[in-house]
Structures are given as C-alpha cells and as structure tokens.
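Examining the three-dimensional arrangement
Next come the chains, spelled out residue by residue.
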Amino acid sequence: MLATALTAGLSLYALYWVVGIVQPQVYRMSFLLLVLLATFLLYPARAGGRARITAGDWCLAAVAVAALAWPLVDFDRFVYRAATPAGIDLVLGAVTTLLVLEATRRTVGPILPVTAVAFVVYGYYGPLFELVGLDLFAHRGYDVARLVGTLYMTLEGIFGVPLDVASTYIVLFTIFGAVLAHSGAGQFFINWTMAAFGRSGSGAGPGRTVTISGFLLGTVSGSGVATTVTLGAVAWPLLRRAGFSAEVGGGILSASGIGAILAPPTMGAAAFLIAEFLQISYLQVIAMAICPAVLYYLSIVLMIEADARRLHTRAVAVDLPPVGALMRRGGYQFLPLIAIVVFLVSGMTPFRAVFFATLCAVGLSFLRRATALSPRRLLGALEDGGRGVLSVAATTATAGIIVGVVTLTGLGLKISGILVELAGGSVLLTVVYASIAVWMLGLAVPVTASYIIAAVMIAPALTLVGVPDVAAHMFIFYYAVLSEVSPPTALSPFAAAAITGGNPFRTMMLTWKYTLPAFLVPFTFTLGPDGLGVLLQAPPAATAQTLAAAALGVGALAMGCGGWLRGELARRDRVLAVAAGLLLFYPLAATRLAGLALFAAAVALHWIGHDRATGETVEP
C-alpha cells in the first residue's frame with residue numbers, strides 16, 4: 001500500500017509540476033527522493049529474490065529521507081556552499097551517491113553503477129595516469145569535497161540534465177502511456193491493425209499487421225522490450241498460424257518492438273534528452289525522426305513480403321469486426337495521440353501538450369463503460385506510470401554522476417580528440433569509429449545511459465570533423481537504441497525468442513536483418529550536407545533526392561537480404577542488390593548513380609534469369 005501511494009504520488013507530483021511552480025533543484029531533489037523510496041520498497045536487493053520488504057530496505061529508505069530532506073530543509077544556504085561543502089554536506093552527499101548507485105543496481109543491474117564508480121575514481125586519481133604513461137588521460141585530480149560539491153550540490157551531477165529530463169518529459173509520457181493502456185488503447189490498436197491489414201490474401205498480411213501494431217503499441221509502452229513482449233503474447237499465434245518459423249516470427253516481433261523507440265510521436269527516453277541537450281523543441285526532434293522512422297518500417301514491411309513468399313506463408317482468417325465497426329466503437333482511442341501533435345504544432349510546450357493529452361485520454365475513456373477509468377483504474381494507471389519511470393530515473397541520476405565527472409575533468413574532449421586522431425580527420429572513419437563506440441557502450445548500459453554518455457564523450461568527435469550538432473546527436477541516439485538488437489546482448493530478440501521458443505542467436509541475427517537500414521540511415525545524414533535531407537534539415541531539392549535514394553536503398557537491401565523479387569534470387573543478384581543498397585545510402589551523386597546502376601543490373605539479371613528458368617518469353 002505504501003509503494004502504491006509512493007508511485008501514484010510520484011505521478012501526481014509530476015502532473016502538478018506542469019501547472020504549479022516548483023524551483024528546479026527542489027523539484028529534482030524531491031522527485032529523486034520519491035524514486036529512491038519506491039525503488040527500495042519495490043525492487044529486491046537480489047535479482048530473483050523474494051518480493052518482500054526487508055529490514056535493510058527500510059533502512060535504505062530511511063537514509064534516503066535523511067540524505068535528500070537535508071538539502072530541501074536548508075536549501076537557501078545549501079546551494080551557496082557547493083564550492084566549500086560543510087562536513088554534513090560531504091557525508092550526506094556521499095550517502096546520496098551510494099543510494100543512487102544501489103537503486104540503479106537493483107533496477108538495471110550492476111554494470112552502470114560499476115561504470116559510474118570507475119569514473120568517480122578517475123576523477124579523484126587523475127594525476128596517477130601521468131605516472132603510468134597515460135598522459136592523454138591525466139588531469140590534476142579532484143578531492144572528495146570538490147567531487148561531492150559537483151555531484152550532490154549543483155545541477156552538474158546527479159541533479160543535472162539527465163535527471164531533469166526523466167522528471168519532466170519521460171515521467172509525463174510514461175503516465176500518458178499508462179493511462180492509454182488502462183483505458184484499453186493497447187488492445188484496440190492491435191485489433192485495429194489486425195482488422196485493417198491482417199485480412200490480406202497474401203501470407204505477408206500477418207507480418208504487416210504485427211509491424212504496424214508494434215508502432216501503435218509503442219506509443220503506449222515507450223519501451224522496445226516491453227512492446228516486444230506485449231506484442232508477442234498477442235501476435236505470435238497469428239504469425240505461427242501463417243507459417244512463420246519461431247526465429248523469423250521472433251525477428252519480426254523484436255524489430256517491430258524496437259521501432260517503437262525510434263518512431264514519433266512518443267519515441268524513447270533518449271529522444272527527450274536530444275531536445276534538452278541541443279536546446280531545441282521536442283517538435284523539432286519529432287520532425288527529424290519522421291523520415292528515418294518511415295524508412296525503418298518500410299524496410300520491415302518489404303523484407304516481410306520477401307520472406308513470406310520465399311517461406312510460402314499463408315493468409316490467416318482474422319476473427320474481428322470490420323475496420324469501420326471498430327472505428328465506430330473505439331476510434332476515439334487515436335485522438336490523444338493526434339492531440340499531442342496538434343498541441344505541439346500550436347506552440348504548446350511538450351509538458352503541457354502531454355498533460356492535456358493525458359486529461360483528454362481520461363475524459364475519452366468514459367465514452368464506453370468498458371474502458372472508463374474508474375477511480376480504481378485511474379489509481380492503477382498512476383501507479384504504473386510512477387513504477388514505469390523508476391528505472392529510468394535511477395539510470396539518469398547515475399548517468400549524471402558520469403556526466404559530472406566527464407565535464408569536471410574534460411575527459412569528453414580528450415576522447416573526442418583520440419577518435420578524430422585515429423580517423424586522421426576523415427569524416428567517414430570518425431563516423432565508423434563513433435558507431436562502434438556507441439554500439440559497444442550500448443552493450444553494457446541501458447539505452448538512455450548510453451545516449452547520455454555518448455552525448456558528452458562521442459558527439460563532440462563528430463562535430464569536430466564538421467558533422468552538425470543535430471546530426472551528431474541523432475546519430476548517437478539511433479546507435480544507442482539499436483544496441484538493443486545488436487549481438488551479443490540483444491534484449492529485444494532474446495525476449496522474442498523466449499515467447500516463440502526459437503533459437504535466441506538466430507532470432508537476433510534475423511532481427512538484425514530486418515533493422516539493417518536503421519544502422520545505415522544515420523550514416524546518410526552525417527556524411528554529407530545533402531544527407532541532412534533525411535532529417536528534413538536540407539533544401540527541398542536535396543531532401544527529395546536523398547529520400548528517394550534512401551527509399552531505393554531500402555528496397556535494394558530488402559531484395560538482397562530477403563532473396564526474392566519475381567522468384568528466389570541467385571546469390572550473384574543478392575550480392576549486387578545489397579551492394580546497391582549500401583551505395584544508395586551514401587549521400588554523394590557518384591555513389592548514388594553507381595548504386596542505381598547496380599540495382600538496375602540486379603533486377604535485370606534476375607528478371608532475365610527468372611524468365612529463362614520458367615520458360616517465359618523475355619520481353620525486349
């Protein structure tokens with residue numbers, strides 16, 4: 001009951017913040033206090049441990065109250081002591097740091113907290129690096145007072161930009177998704193897509209249905225893994241009846257699920273951080289993400305079409321009312337999503353836009369008795385909204401520790417200098433090295449933390465070689481997200497394989513195939529001015545050419561990786577098609593022409609070979 005009160009209270013506090021006036025540092029401290037209390041009561045100290053609250057959990061909760069109530073009580077004098085912390089500030093600052101690390105360990109595992117500890121140690125022992133010959137990483141070193149003052153008493157550490165985004169953007173959109181889920185929107189979206197796209201006479205119909213369901217369901221969950229699991233429970237039987245294997249079905253489920261983080265209007269937590277880091281509106285982030293999202297889903301749909309024909313899948317009868325009947329009964333469920341975009345376009349802040357869209361969803365739920373948010377249901381939605389942000393808030397607070405140390409020591413610029421030096425100033429090599437760095441980072445830490453760390457350590461390397469800020473941050477955003485489908489620790493494919501019973505490694509590699517264009521689109525908008533057209537940041541003519549080339553590239557990759565056009569492709573034709581797709585993504589006229597020529601050759605050779613194999617007359 002206490003945990004329910006804390007998580008529901010956390011949601012109500014966030015909603016109050018939109019219309020009330022709370023000093024930023026006070027709000028972040030009190031928000032984190034509620035997060036820590038709820039985390040210690042809801043997450044056991046040991047993974048897989050019994051779901052009961054121990055004496056140790058109560059002690060941690062009590063210590064959290066003391067550590068974060070102190071700065072709130074003494075706030076007016078507290079903020080002026082950051083340069084010269086008092087003894088009690090040092091003790092409670094160290095305690096708060098340890099509590100944040102423990103909350104993060106409980107929610108997302110030990111890797112991120114250990115990483116944060118390593119950065120703190122680096123901040124303290126900076127001069128030692130010069131003694132062991134690592135002059136490039138050496139710095140003067142900072143004592144405990146300076147570290148605690150930065151991490152605990154300013155807006156540069158634990159209470160910095162990452163936690164700010166979690167306590168504003170992310171929690172509000174999490175509450176919005178929870179309200180939609182409790183009002184039946186998630187199930188309606190799945191039913192609607194099955195009724196609209198699942199009646200196809202083609203065996204690809206069920207795959208297309210799952211893909212579009214994943215996009216709509218993602219607006220409710222906001223998590224790639226959560227979308228994959230929710231979608232899989234409902235849609236895997238449909239894919240199995242159509243004849244998709246467990247691995248192919250798992251690949252479709254996980255690719256559709258991870259797309260929810262990449263697609264507007266809600267996207268993933270890191271997208272809100274882009275707006276804050278670049279000081280641009282969230283509407284601008286949404287606009288930049290539209291075309292990459294379209295290319296992403298176009299790729300999945302085309303590859304499903306190819307796989308469905310090659311695997312000889314079959315159409316499945318969908319026992320649902322017609323689309324018109326569903327729209328008449330539950331079409332209002334789309335209105336809150338439309339409302340967010342309308343509010344943003346009208347000039348409203350993202351906070352107020354999602355606040356009023358949430359109120360809209362609550363009001364619309366009463367149009368049908370079955371979906372009405374009664375007090376009990378509404379309390380459940382608020383509780384789920386609060387619970388949903390706990391891991392993200394702990395992650396961002398720990399990421400703030402890393403960002404604080406990186407900023408204090410200048411490590412970000414040093415890492416950027418190393419990347420640029422290794423690449424010899426080449427934009428292409430710098431982008432390649434940056435993609436590898438973000439990918440490796442994403443294997444160890446969650447998407448949000450991966451983006452935050454990369455934003456201060458890797459994005460500057462891209463800007464040093466001339467990549468615009470918006471392109472650099474969108475680049476690391478996509479690679480941070482795609483770490484969830486990348487070997488060897490791909491969370492979404494593993495979750496899908498657990499549902500379908502397929503081989504996890506094969507499911508992961510098939511997911512990689514479906515998401516391949518998502519790994520290539522970021523190269524398009526970083527390697528040349530025309531490539532910014534993918535982000536709608538180039539002149540109209542360049543934008544049109546870039547998008548046309550990218551769409552053809554997606555088609556070529558789908559043809560080569562899917563291995564089907566009029567019939568099954570020969571290996572030679574598949575290689576030509578894949579090579580054409582890679583060239584079409586490169587934003588230069590010469591490479592696009594070469595890609596177009598290879599694509600035409602692949603199509604022509606396959607067309608002629610297919611006609612000869614089937615005995616048909618080859619048209620001139």
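Every value quoted in this text rests on a predicted model; they were computed, and no experiment measured them. (Residues numbered from 1 in each chain as written. Predicted model: local features only at pLDDT ≥ 70, side-chain atom pairs only at ≥ 80, totals over all residues. Heavy atoms only, no water.)

Helices and strands together make up the secondary structure of the protein chain, namely 30 helices and zero strands. At 25 Å, the protein chain has a C-alpha radius of gyration in line with the 25 Å of a compact globule built from 620 residues. Distance between charge centres in the protein chain, computed from 34 positive and 26 negative side chains, equals 11 Å. (Helix = DSSP H or I, 4+ residues; strand = E, 2+ residues; numbered from the N terminus. Rg over C-alpha atoms; globule rule 2.2 N^0.38 Å. Lys, Arg positive; Asp, Glu negative; His and termini not counted. Charge placed at Lys NZ, Arg CZ, Asp CG, Glu CD.)

The next point concerns the nonpolar core. Membership of the largest hydrophobic core comes to 189 residues, with the highest contact counts inside it found for Tyr282, Tyr451, Ile476 and Phe477. The element best represented in this core is helix H19 (residues 375-409), accounting for 14 residues. Residues in contact with tyrosine 282, not counting those within four places in the same chain, are Tyr169, Phe173, Pro265, Thr266, Met267, Ala271, Phe272, Ala275, Leu344 and Pro350. (Core = buried A, V, L, I, M, F, W, Y, C linked by side-chain atoms within 4.5 Å. Buried < 20%, exposed > 50% of the residue type's maximum accessible area, 1.4 Å probe, protein only. Contact = heavy atoms within 4.5 Å.)

Okay, helix H20 (residues 411-422) next. For an α-helix, the turn length of 3.6 residues means that residues three or four places apart are oriented alike. Between its first and last C-alpha, H20 extends 17 Å over 12 residues, near the 16 Å set by a 1.5 Å rise per residue. Listed in full, the buried residues belonging to H20 are Leu411, Gly412, Lys414, Ile415, Ser416, Leu419 and Val420. Glycine 424 sits one or two residues past H20 and shows a positive phi near 65°. (Expected span 1.5 Å × (residues − 1).)

Using the criterion set out here, one finds 28 aromatic pairs in the structure. An angle of 55° between the planes, with centres 6.3 Å apart, marks the rings of tyrosine 169 and tyrosine 282 as tilted. Highlighted residues: tyrosine 169 in helix H9 (residues 161-182) and tyrosine 282 in helix H15 (residues 282-310), separated in sequence by 113 residues. One aromatic cluster in this structure is built from Tyr13, Trp17, Tyr27, Phe31, Tyr169, Phe173, Phe272, Tyr282 and Phe351. Positioned over the ring face of tyrosine 514 is lysine 513, at 5.0 Å from the centre of the ring. For the cation-ring pair, arginine 566 lies above tryptophan 607, with the distance from its terminal atom to the ring centre recorded as 4.3 Å. (Phe/Tyr/Trp six-rings, centres within 6.5 Å; stacked < 30°, edge-to-face > 60°. Lys NZ or Arg CZ within 6 Å of the ring centre and 35° of its normal.)

Here we come to the packing of helix H6 (residues 111-124) against H19. Across the interface, H6 lies against H19 with an axial gap of 9 Å and an inter-helix angle of 25°. As judged from the angle between their axes, H6 and H19 are roughly parallel. In this structure, H6 crosses over H19, and the sense of that crossing is left-handed. Together, Leu112, Pro113, Thr115, Ala116, Phe119, Val120, Tyr122 and Gly123 of H6 and Thr395, Thr398, Ile401, Ile402, Val405, Val406 and Thr409 of H19 make up the contact between the two elements. Within the contact of H6 with H19, the residues separate by chemical class into 10 nonpolar, five polar and no charged. (Axes fitted to C-alpha atoms, helices over the stretch in contact; angles between N-to-C directions. Parallel < 35°, antiparallel > 145°, perpendicular 65-115°, else oblique. Left-handed = near helix turned anticlockwise from the far one by under 90°. Nonpolar A, V, L, I, M, F, W, Y, C, P; charged D, E, K, R; others polar.)

Right, let's talk about the side chain of threonine 104 for a bit. Positionally, threonine 104 belongs in helix H5 (residues 87-108). Given the relative accessible area of 0%, threonine 104 is considered buried. For threonine 104, the side chain forms a polar contact with the main-chain oxygen of valine 100, separated by 2.8 Å. Contacts of threonine 104, omitting those with residues within four sequence positions, involve Gly109, Leu112, Pro113, Ala394, Thr395 and Thr398. (Polar contact = N/O pair within 3.5 Å; in protein donor to acceptor, adjacent residues only side chain to side chain.)

Another aspect to go through is the pattern of salt bridges. Per the counting criterion, the structure on display carries 13 salt bridges. The partner of glutamate 383 in a salt bridge is arginine 387, and the shortest N-O contact between them spans 3.1 Å. Of this pair, glutamate 383 and arginine 387 both sit in helix H19, separated by four residues, roughly a single helical turn. Salt-bridge contacts for arginine 572 lead to aspartate 573; the nearest nitrogen and oxygen are separated by 2.9 Å. Note on arginine 572: relative accessible area 47%, which makes it partly exposed. Through salt bridges with shared partners, a single ionic network connects Asp57, Glu102, Arg105 and Arg106. (Salt bridge = Lys/Arg side-chain N within 4 Å of Asp/Glu carboxyl O.)

A word on the side chain of threonine 228. Tracing the sequence through the fold places threonine 228 in helix H12 (residues 224-242). On the basis of relative accessible area, threonine 228 is assigned to the buried category, the value being 0%. Aside from chain neighbours lying at most four places away, what touches threonine 228 is Leu253, Ser254, Gly257, Ile258, Ser492, Ala496 and Ile499.

Moving on: unusual backbone geometry. A positive phi angle, close to 55°, is found at glutamine 279, a residue other than glycine. Of note, glutamine 279 is situated in the loop between helix H14 (269-278) and H15. In the Ramachandran plot, leucine 536 falls in the positive-phi region, its phi being about 60° despite a non-glycine side chain. On the basis of relative accessibility, which here comes to 40%, the residue leucine 536 falls in the partly exposed class.

So, on to the environment of isoleucine 175. Checked against the element boundaries, isoleucine 175 lands in helix H9. With relative accessibility at 0%, the residue isoleucine 175 sits in the buried group. Sequence separation of isoleucine 175 and leucine 12 is 163 residues, and the distance between their C-alpha atoms is 9.4 Å. Excluding anything up to four places from it in sequence, isoleucine 175 contacts Ser11, Ala14, Leu15, Thr358, Leu382 and Gly385.

This brings us to the environment of leucine 344. Within the secondary structure, leucine 344 sits in helix H17 (residues 335-345). Linking leucine 344 and phenylalanine 505, residues 161 residues apart in sequence, is a C-alpha distance of 41 Å. If we ignore the near neighbours within four places in the chain, the residues touching leucine 344 are Tyr282, Leu283, Ile286, Thr349, Pro350 and Ala353.

It is worth spelling out the confidence of the model for the protein chain at this point. Chain-level statistics for the protein chain give a pLDDT mean of 86 and a share of 95% at 70 or above. Per-residue pLDDT stays below 50 along residues 616-620; that stretch engages in five contacts with residues further than four places along the chain or on separate chains. (pLDDT = per-residue confidence, 0-100.)

Before going further, it helps to examine a nonpolar patch on the surface. Residues Val117, Val121, Tyr124, Tyr125, Leu128, Leu131, Val132, Leu134 and Val144 make up a contiguous nonpolar surface patch of roughly 840 Å² in combined accessible area. Where the nonpolar patch is concerned, the elements lending two or more residues are H6 and helix H7 (128-131). At three residues, the largest contribution of residues to the nonpolar patch is made by H6. Position of valine 121 among the secondary structure elements: in helix H6. (Patch = residues over 30% accessible without salt bridge, like charges linked within 9 Å, V, L, I, M, F, W, Y side chains within 5 Å. Areas by Shrake-Rupley, 256 points an atom, 1.4 Å probe, with all protein chains shown as cover.)

Our focus in this paragraph is the packing of helix H1 (residues 2-19) against H19. Where H1 contacts H19, the axes come no closer than 7 Å and their chain directions differ by 85°. Comparing the axis directions of H1 and H19 gives the class roughly perpendicular. Packed against H1, whose contacting residues are Thr4, Thr7, Ala8, Leu10, Ser11, Leu12 and Leu15, the element H19 presents Leu379, Leu382, Glu383, Gly385, Gly386, Arg387, Val389 and Leu390 at the interface.

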